[in-house]
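# Secondary and tertiary structure notes
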Amino acid sequence: MKDYDIKIKNSSEVTLYGTEDNTIVVPATVKFDTDHEQADIDIDGDIPVKVGIPKNAEHIEIDIKGGVLNVSNLAFERIEIDTKSDLKLALDGTQGAVDINVIGGNVELRVPKGFAFDTRCEGKNNNIECNTVTTADTCNMIELNGKNSVLKIIGE
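First things first, this report covers the structure right here in the doc.

Quick notes on the rules
Residues numbered from 1 in each chain as written. Predicted model: local features only at pLDDT ≥ 70, side-chain atom pairs only at ≥ 80, totals over all residues. Heavy atoms only, no water. Pairing = 2+ DSSP bridges. Helix = DSSP H or I, 4+ residues; strand = E, 2+ residues; numbered from the N terminus. Axes fitted to C-alpha atoms, helices over the stretch in contact; angles between N-to-C directions. Buried < 20%, exposed > 50% of the residue type's maximum accessible area, 1.4 Å probe, protein only. Lys, Arg positive; Asp, Glu negative; His and termini not counted. Salt bridge = Lys/Arg side-chain N within 4 Å of Asp/Glu carboxyl O. Contact = heavy atoms within 4.5 Å. Core = buried A, V, L, I, M, F, W, Y, C linked by side-chain atoms within 4.5 Å.

This part covers the sheet that holds strand β3 (residues 31-35). Pairing is mixed in the open sheet, where eight strands are placed in the order β3-β4-β1-β6-β8-β10-β14-β12. Looking along the sheet, the strands with just one partner apiece sit at the ends: β3 and β12 (118-121). Ignoring strand direction, the axes of neighbouring strands in this sheet form an average angle of 15°. With four bridges joining them, β12 and strand β14 (residues 141-147) adopt parallel strand pairing. Bridge pairing in β14 places R120 opposite E143.

The next subject is the side chain of D118. For D118, the location among the structural elements is in strand β12. No salt bridge is formed by the buried D118; the nearest opposite charge belongs to R120, separated by 7.6 Å. In this structure, D118 is in contact with T134, T135, A136, T138, N140, M141 and I142, ignoring residues within four places of it in sequence.

The subject of this paragraph is the nonpolar core. Grouped together as the largest cluster of nonpolar side chains are 38 residues, with contacts concentrated most on I60 and L89. Among the elements that make up this core, the one with the highest residue count is strand β6 (residues 56-64) (four residues). Residues contacting I60, with those up to four places away along its chain left out, are Y4, I6, L16, I53, L74, F76, R78, I79 and E80.

Below, the structure is given as structure tokens:
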């Protein structure tokens, strides 16, 4: 399985991590469907949740209402994060393009020291604030899409 569609129905704290043994780990309360090469994971609740997927994925799509999203130990071609509210996002040990789609919200993105990435700002009236150095020619492109939103990138 290479494609993952994750829907978080309430603001919550979600940790998405890569598993070393090619397994998928979800809490018992999560709705989980598989079809061909795609997995749909629906999370309904406002309690902290940990979800594990194989550490090498092609496409991950996350729809989250806001809150906190931690992504670690994953390599992907692209991860799309859709939110309609403020979101605190942290990347650690990841590799791949990150698309952040938000309308009228603020996203705070924390990246580890030494993380090589570049940024692209698309959409209408969006702004990227970055306190760390970006690197051209990297597969870690962080792109802000949407409207009237701010992405603040903090290097730690």
